[in-house]
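Okay, here's what each chain looks like letter by letter:
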Amino acid sequence: MRKLMMGGMVILSLVCSWAVAQGDLQNPAVKFYEGNLAYKQNNYAQAMTLYEEVLNQGVASGALYYNLGNSYLKTQKMGKAILSYERAKIFIPRDSDLQSNLDYAVSLSKASSPISEISLLKRISHYYQDMFTAREMMWLAAFFCLLLGIAVIGAEMVSLSQWKQWVVIGILAFLALGQGVMWVSKSKDTLKAAVILEDAQARFEPSDQATQHFYLFAGEKIFVVKIEGAWAKIERLDGKLGWVQASSFEKILRFGKEQELQ
Amino acid sequence: MILFLSIALNAFSQDISFQASVDKKRAGLDSTIVLDLTVTGVQNASPIELPEIDGFKSRYIGPSTSISIVNGQYSSSVSQKYILYPQKTGSLTIPAFASTIDGKQYETQPIDVEILESAPAESQLSSSDAVNRPTNLEDKALLRLEIPKEKVYVHERLPVTIKLYASSISLTDIQFPALAQNDFVFEDFGKPVQYQDVLNGVSYDVVEFNTVAYPAKDGIFTLGPAQLDCNVVYKRSSSRGSGFGGFPDDFFSDFFSNYEKYPIALKSEVRNVEVLPLPQGAPQGFGAAVGQFDFQLSASPLEVNVGDPITVKMTISGRGDLKTIDMPAYKDSENFKVYDPQIKQQGNVKTLEQVLIPKAEKVNQVPAVAFVYFDPQKQTFETIRQGPFALTVHPSPQGAMPQVVEGKQEKAAVAETLGRDVIFIKENPGVFYPMGVVLGDRNVFLLFLLLYMFGIIAILVVYRRKVRMKTDVGYAKRLRAPQKARQGLRAAEHFLKVHKPKEFYDAAYKVLQKYFAEKFSIPEGMVTAHDLHEILLKRSISLAMIGKVQELFSACELIRYGAISSDTAAMQKNYQALKEILDFFERL
């Protein structure tokens, strides 16, 4: 009986240890810290692998993408580095370290930003959208709608001069509508991608024999219009359209509306 | 007459004053005058009972407390307001009132007022337009030019105060006053100060503008008049009709058209100023400085090599026209090479910086400097002497290059070359999100928005209905009519079941009467078979239905007054008729 109990305890301990080990392996934070350790030992390839393993578990964070971007940058993979930083911006858009490293990576890449060719209104819109996450923008829109509703009810119940009521309601309606438009526009991020090859050629047609239209460089941001087989129709930030090999870029969002584009 | 005010003094070290003022000095027998008894420098005061005033009856209105902080100066006052009702015409006097405050006696000035048969016209209708433009402004808005003295010396500082007084009038777009005068140099006006003041027994809102004038030459001059442009806001007479339901045709047009601005230019009286020449015998070095000044001089370093620069700094501060002052400055000498001075002025301080370079090691001091000015208060020339400063000059080292003197120019900034690299990794992972949730659920948001909008609309509808139920009696009755009719119908049904014909028809009659009275907002007494015929015809109700209603009314009346009896079948038929009638009018 005693031997049986001892045996049972040993088996139970082994099962618990295995479970704990499995739990650690599954805990994304553990992999993250291991990746950091590898990075600090200048083992950037190992760090990248560990960070990617965390992503393969189906979770992501701003710091994770940021560290992954650093690892790629250290290994001179500019396209992947910029892509990772852009992905990190989805989570931590106002992080100054991230912005600094992204600027540095862009300065090292050959990609020129055609953003100056965009209209002022669109540029302001881009900057504004870059300041917030999509969730934040959604909640801001909800907040303004809430205020608008309160103002509409308040205007009915509080005796305020009519023109003041309309000014308040007008401003809040403008803010709510504007924020809603910004949020919808932000959700177009699902179409945004970054070039990962050192350079890629955009052609007029989805064929290797088609005339070349323009060059794309590592890290350059594009919008994916549609995908046909191995080719994708893309739009550059300045509005130019072209066909590129689908393997030459990766979408910034690794999830979301990919299915719709297939 | 002596009045004792119960006044609570506070710890503020303000000057206490006691003043009486009225809102107007001309009034009609059919109008009133508001009398203010104001104690300045206290925080509260109890009201008093006014004694009999010849020619007036009085009534206490209430107190008003005023606290203001202007430029850090705290002031408070308490006004007790009274209405005076004139009892006779003629020139009347509101007597002086006296009060003992904190053991000290204060007394107001008597105020003369003129009482006419009827109130004097304050406006006059122009034949060209239908607006009430103010035409009698002299008592309501006036401009005063004040100077502290009428004899000044050339270049002496002369404070000028221009006060805009306004009482019972609304002024807007008030411009800074203009003082066209070539014989004086004026500083810019400071920030205007607003306060209340009593002038000739009338309480005014005052806007005070302050500046300083400096006479440029001697002689007798006229200062002013000061002119101030502003607009008077007055109400247009409402000659136009209003829109539907008594509301204005258009809110904004009504708002802006009911009030109109009328530009006016107020002019002050003039002041004579005698400008005296400065006395003869000004000491050497006098540079047109008139006023009260301080003069400081410093030099550094005081131990140098031959050819090294020494910076001297002179500062003149005080009250006077600093712009016209000639600063004392060093000139080239056998001991020093002297560079051109740099002169700056900030507010009441004027500074001079100059670089001196000793030419030989024998130089042992920086010479003294004297600043001479004329003090108009003492009426004498004053001299302030600073220096000399002991100086040690060493021979110039062999091969040493002379220093380049660049005046006040800063050393050119050297561009800092900074390295650039990747900012280190983040130590903590932050919040892990499952893939696909970062964009926010659009469907959830849209559902929230939809529900929220419905909620808003529902609240508005309910609220408006509630308000209308309170304010629109007819609407409320119409809404309640079916509910009451259903109650009556249930009562009739009960009497039908227990076979009580009289009660049944009585209930049916009341149901019809109340229902139509509330439905068409007419008195119950008017709801008879005959009157209802006319009412229903006007509402284009079919003759068949009108006939049915009249028939039921007649049946009810016959049974109620005991003319005939009724059996169950007839009651059942009439009950159905009642239900059909109510149903018909509910669907209408």
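Cut-offs applied
Residues numbered from 1 in each chain as written. Chains lettered and ligands numbered in written order. Predicted model: local features only at pLDDT ≥ 70, side-chain atom pairs only at ≥ 80, totals over all residues. Heavy atoms only, no water. Helix = DSSP H or I, 4+ residues; strand = E, 2+ residues; numbered from the N terminus. Polar contact = N/O pair within 3.5 Å; in protein donor to acceptor, adjacent residues only side chain to side chain. 1 Å grid on protein atoms, 1.4 Å probe; cavity = no way out; pocket = protein on both sides within 12 Å on 5 of 7 lines; lining within 4 Å. Points joined across faces, edges and corners; volume = space filled by probe spheres on them. Nonpolar A, V, L, I, M, F, W, Y, C, P; charged D, E, K, R; others polar. Phe/Tyr/Trp six-rings, centres within 6.5 Å; stacked < 30°, edge-to-face > 60°. Buried < 20%, exposed > 50% of the residue type's maximum accessible area, 1.4 Å probe, protein only. Lys NZ or Arg CZ within 6 Å of the ring centre and 35° of its normal. Axes fitted to C-alpha atoms, helices over the stretch in contact; angles between N-to-C directions. Parallel < 35°, antiparallel > 145°, perpendicular 65-115°, else oblique. Left-handed = near helix turned anticlockwise from the far one by under 90°. Contact = heavy atoms within 4.5 Å. Expected span 1.5 Å × (residues − 1). Bend = angle between axes of the 7 residues up to and from the residue. Pairing = 2+ DSSP bridges. Buried area = accessible area lost by both parts, 1.4 Å probe. Salt bridge = Lys/Arg side-chain N within 4 Å of Asp/Glu carboxyl O. Patch = residues over 30% accessible without salt bridge, like charges linked within 9 Å, V, L, I, M, F, W, Y side chains within 5 Å. Areas by Shrake-Rupley, 256 points an atom, 1.4 Å probe, with all protein chains shown as cover. Core = buried A, V, L, I, M, F, W, Y, C linked by side-chain atoms within 4.5 Å. pLDDT = per-residue confidence, 0-100. Arc of directions from axis to C-beta.

Our focus in this paragraph is the side chain of Gln-165 of chain A. Turning to its location among the elements, Gln-165 of chain A is positioned in helix α9 (residues 162-186). Only 3.3 Å separates the side chain of Gln-165 of chain A from the backbone oxygen of Ala-155 of chain A, close enough to count as a polar contact.

Moving on, we get to empty space enclosed by the protein. Residue and element names in this part refer to chain A. The final tally for this structure, using the stated rule, is one cavity of 30 Å³ or more. In this structure, the largest cavity spans a volume of roughly 30 Å³. Along the walls of the largest cavity sit Glu-52, Leu-68, Tyr-72, Lys-80, Leu-83, Ser-84, Arg-87, Glu-250 and Arg-254, which together make up its complete lining. Looking at the lining of the largest cavity, the elements that each hand over two or more residues are α4 (62-74) and α5 (78-91). The residue makeup of the lining of the largest cavity, split by class, is three nonpolar, one polar and five charged.

In this description, an aromatic ring pair is defined by two values, namely the gap between the centres and the angle between the planes. Tallied over the entire structure, the rule returns 33 aromatic pairs over all chains. Plain terms: the ring middles of Tyr-515 of chain B and Phe-516 of chain B are 5.7 Å apart, the flat faces sit at 70° to each other, and that makes the pair edge-to-face. The two residues Tyr-515 of chain B and Phe-516 of chain B agree in class, both being buried. A network of ring pairs unites the aromatic residues Tyr-515, Phe-516, Phe-520, Phe-584 and Phe-585 of chain B as a single cluster. Here the guanidinium or amino end of Arg-236 of chain A rests over the ring plane of Phe-214 of chain A, the centre of that ring lying 4.7 Å away.

Residues and elements named next belong to chain B. Closest axis-to-axis distance for the helix α4 (residues 501-519)/helix α6 (residues 543-560) pair is 9 Å, and the angle between their directions is 135°. In terms of orientation, α4 and α6 fall into the oblique class. The way α4 lies across α6 gives a crossing that is left-handed. Taken together, the residues of α6 that come into contact with α4 (itself represented by Pro-501, Lys-502, Tyr-505, Asp-506, Ala-508, Tyr-509, Leu-512, Gln-513 and Phe-516) are Val-549, Leu-552, Phe-553, Ala-555, Cys-556, Glu-557, Ile-559 and Arg-560. Each residue belonging to the contact of α4 with α6 can be placed in one class, and the counts come to 12 nonpolar, one polar and four charged.

Take helix α3 (residues 473-497) of chain B next. Residue and element names in this part refer to chain B. Between its first and last C-alpha, α3 extends 35 Å over 25 residues, near the 36 Å set by a 1.5 Å rise per residue. When the local axis directions of α3 are compared, the greatest deviation, roughly 35°, occurs at Ala-481, which is followed within four positions by the proline Pro-482. What α3 keeps buried is the set Gly-474, Tyr-475, Ala-476, Ala-481, Pro-482, Ala-485, Gly-488, Leu-489, Ala-492 and Leu-496. Between a side-chain oxygen at the N-terminus of α3 and the backbone nitrogen of Tyr-475 the separation is 3.2 Å; the capping residue is Asp-472.

Strand pairing within a sheet occurs via backbone hydrogen bonds; the two strands may be parallel or antiparallel. Residues and elements named next belong to chain B. Strand order in this open sheet of three strands is β3-β11-β8, and the pairing throughout is mixed. What marks the edges here is a single partner per strand, and that holds for β3 (26-28) and β8 (90-94). Adjacent strand axes in the sheet meet at a mean angle of 35°, parallel and antiparallel pairs treated alike. Relative to strand β11 (residues 111-116), β8 runs antiparallel, the two being bridged by five bridges. Each residue of the ladder has a partner; that of Leu-92, found in β11, is Val-113.

With 55 residues of chain A in contact, the opposing surface of chain B contributes 33 residues. In total, about 4100 Å² of surface goes out of reach between chain A and chain B, with carbon and sulfur atoms giving 71% of it. The interface formed by chain A and chain B includes four salt bridges. Lys-426 of chain B serves as the salt-bridge partner of Asp-95 of chain A, at 3.0 Å between the closest nitrogen and oxygen.

Let us look at the pattern of salt bridges. Considering all chains together, one arrives at 26 salt bridges over all chains under this definition. Between Glu-427 of chain B and Lys-40 of chain A there is a salt bridge, with its nearest N and O atoms 2.9 Å apart. Separated into two different chains, Glu-427 of chain B in the loop between β35 (392-394) and β36 (433-434) and Lys-40 of chain A in helix α2 (residues 28-40) make up a pair that spans both. The partly exposed category is assigned to Glu-427 of chain B, whose relative accessible area is 38%. Taking relative accessible area as the criterion, Lys-40 of chain A reaches 41% and is therefore assigned partly exposed. In this structure, Lys-426 of chain B engages Asp-97 of chain A in a salt bridge whose closest nitrogen and oxygen atoms are separated by 3.6 Å. Here the residue Lys-426 of chain B occupies a position in the loop between β35 and β36, and Asp-97 of chain A occupies one in helix α6 (residues 96-108), the pair thus bridging two chains.

As a further point, take a nonpolar patch on the surface. There is a patch of nonpolar side chains on the surface, built from Trp-163, Val-167, Ile-171, Phe-174 and Leu-175 of chain A and spanning about 470 Å² of accessible area. With respect to the helices, strands and loops of the structure, Leu-175 of chain A is situated in helix α9.

Residues and elements named next belong to chain B. Counting buried residues in strand β30 (residues 349-358) gives seven out of 10 residues, a clear majority hidden from the surface. With eight bridges joining them, strand β27 (residues 310-320) and β30 adopt antiparallel strand pairing. Looking at β30, one finds that Met-314 is bridged to Leu-352. Here strand β28 (residues 336-338) runs beside β30; their pairing, made up of three bridges, is antiparallel. Counterpart to Phe-336 in the pairing with β30 is Pro-358. Bridge count for strand β29 (residues 342-346) against β30 is five bridges, and the pairing is antiparallel. Across the sheet, Gln-345 pairs through a bridge with Lys-350, a residue of β30. Count of turn residues in the β29/β30 antiparallel hairpin: two residues, of which Gly-347 carries a positive phi of about 65°.

What follows deals with the nonpolar core. Counting 40 residues, the largest nonpolar core has Tyr-51, Leu-73 and Tyr-85 of chain A as the members making the most contacts within it. Counting only elements with at least two residues in this core, the list comes to α2, α3 (44-56), β1 (59-60), α4, α5 and α6 of chain A. When residues of this core are assigned to their parent elements, the largest contribution, eight residues, is made by α5 of chain A. Look past the residues within four positions of Tyr-85 of chain A in its chain and what remains in contact with it is Tyr-66, Gly-69, Asn-70, Leu-73, Leu-98, Asn-101, Leu-102 and Ala-105 of chain A together with Val-422 of chain B. Counting 36 residues, the second-largest nonpolar core is a separate cluster that includes Tyr-505, Leu-532, Ile-541 and Ile-559 of chain B.

What follows concerns the confidence of the model for chain B. Interpreting fine coordinate detail is not advised for predicted regions of low pLDDT. Residue and element names in this part refer to chain B. Of the residues in chain B, 84% reach a pLDDT of 70 or more, and the chain-wide mean stands at 79. Below a pLDDT of 50 lies the segment residues 122-135, which in the model reaches 30 contacts outside its immediate sequence neighbourhood of four places, other chains included. Low pLDDT, under 50, characterises residues 404-414; the predicted model gives this stretch six contacts beyond four residues in sequence or across chains. Scoring the predicted complex yields pTM 0.41 and, for the interface, ipTM 0.76.

Turning our attention to the sheet that holds strand β15 (residues 151-153) of chain B. All names here are of chain B. Taken in spatial order, the three strands make up an open sheet running β15-β24-β21, and their pairing is mixed. Single-partner strands in this sheet number two, and they are β15 and β21 (219-223). This sheet shows a mean twist of 35° between the axes of neighbouring strands, independent of strand direction. With three bridges connecting them, β15 and strand β24 (residues 271-276) associate as parallel partners. Bridged to Val-152 within β24 is Val-275.

Looking now at unusual backbone geometry. Residues and elements named next belong to chain B. Of note, the bond from Ser-300 into Pro-301 is cis; its omega dihedral lies within 30 degrees of zero at -10°. Residue position: Pro-301 is located in the loop between β25 (286-300) and β26 (303-305). Geometrically, the link from Gly-387 to Pro-388 is a cis peptide bond, its omega value of 0° lying close to zero. On the secondary structure map, Pro-388 appears in the loop between β33 (380-386) and β34 (389-390). Of note in this structure, Ser-521 is not a glycine but carries a positive phi near 55°. Look at Ser-540: it is not a glycine, yet its phi comes out positive at around 55°. On the secondary structure map, Ser-540 appears in the loop between α5 (529-538) and α6.

This part takes up helix α7 (residues 568-587) of chain B. Residue and element names in this part refer to chain B. Across its 20 residues, α7 extends 29 Å between first and last C-alpha, which sits within 8% of the 28 Å expected from 1.5 Å per residue. Listing the buried residues of α7 in full gives Met-571, Asn-574, Tyr-575, Ala-577, Leu-578, Ile-581, Leu-582 and Phe-585. Axial view of α7: buried residues confined to an arc of 160°, hence all on one face. Exposed side chains of α7 directed beyond 90 degrees from the buried face belong to Ala-569, Lys-573 and Arg-587. Of the surrounding secondary structure, the elements contacted by the buried residues of α7 are α3, α4, α5 and α6.

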